[in-house]
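Read off the chains here:
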Amino acid sequence: MLIQDRLKKGKERLDTALEAITLLCEPLSRQRRTRTYSLFLRQYGNTSDLDEREPQRAALYKATVALVRAYANIADEMDLAGYGGAESARIKEQMDHYCCS
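Residues numbered from 1 in each chain as written. Predicted model: local features only at pLDDT ≥ 70, side-chain atom pairs only at ≥ 80, totals over all residues. Heavy atoms only, no water.

Quick look at the overall build of the protein chain
Logical step 1: Looking only at helices and strands, the protein chain has five helices and zero strands in total.
Logical step 2: Reading the helices (α) and strands (β) of the protein chain from amino to carboxyl end gives α-α-α-α-α.
Logical step 3: Going through the 101 residues of the protein chain one by one, you find that 28% of them count as buried.
Logical step 4: Summed over its atoms, the accessible surface of the protein chain is roughly 7100 Å², and 54% of this surface lies on carbon and sulfur atoms. (Helix = DSSP H or I, 4+ residues; strand = E, 2+ residues; numbered from the N terminus. Buried < 20%, exposed > 50% of the residue type's maximum accessible area, 1.4 Å probe, protein only. Areas by Shrake-Rupley, 256 points an atom, 1.4 Å probe, with all protein chains shown as cover.)

Have a look at this one:
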């Protein structure tokens, strides 16, 4: 019973973290996406951007940490948590995109 509760809560946290980071990064059009998200970074030579974009950058860091922790907690038990093979692969791709690119 405890394992099922842990996995259920872990699945909820992972789903919530994925939704949060997706919503945060969604405003970026496909054309503007690069290896780094320019919305969160300062433009080269423009120091005022650093302070202006601090809230977005802090939100991105917080969302990324939440996603990494949620994924790490159930990564080895994705099938037991209720994710199918295709869904697990999709989540792994999202992890690579948001956390490793």
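Here's the deal with helix 3 (residues 54–74)
Logical step 1: For helix 3, with 21 residues, the first-to-last C-alpha span of 31 Å sits near the 30 Å given by 1.5 Å per residue.
Logical step 2: Every buried residue belonging to helix 3 is among R57, L60, A63, T64, L67, A70, Y71 and I74, and all of these are buried. The buried residues of helix 3 occupy an angular sector of 160° when the element is viewed end-on, so they sit on one face. Those residues of helix 3 that are exposed and angled more than 90 degrees off the buried face are P55, Y61, K62, R69 and A72. (Expected span 1.5 Å × (residues − 1). Arc of directions from axis to C-beta.)

Quick look at the packing of helix 1 (residues 2–25) against helix 5 (residues 85–100)
A pair of packed helices is characterised by two quantities: the angle between their axes and the separation of those axes.
Logical step 1: Running from N to C, helix 1 and helix 5 point in directions that differ by 50°, and their axes come no closer than 12 Å. Between helix 1 and helix 5, the angle falls in the class oblique. Along this stretch, helix 1 crosses helix 5, giving a crossing that reads as left-handed. Between helix 1, through L14, L18, I21, T22 and C25, and helix 5, the contact on the second element is made entirely by I91, Q94 and Y98. (Axes fitted to C-alpha atoms, helices over the stretch in contact; angles between N-to-C directions. Parallel < 35°, antiparallel > 145°, perpendicular 65-115°, else oblique. Left-handed = near helix turned anticlockwise from the far one by under 90°. Contact = heavy atoms within 4.5 Å.)

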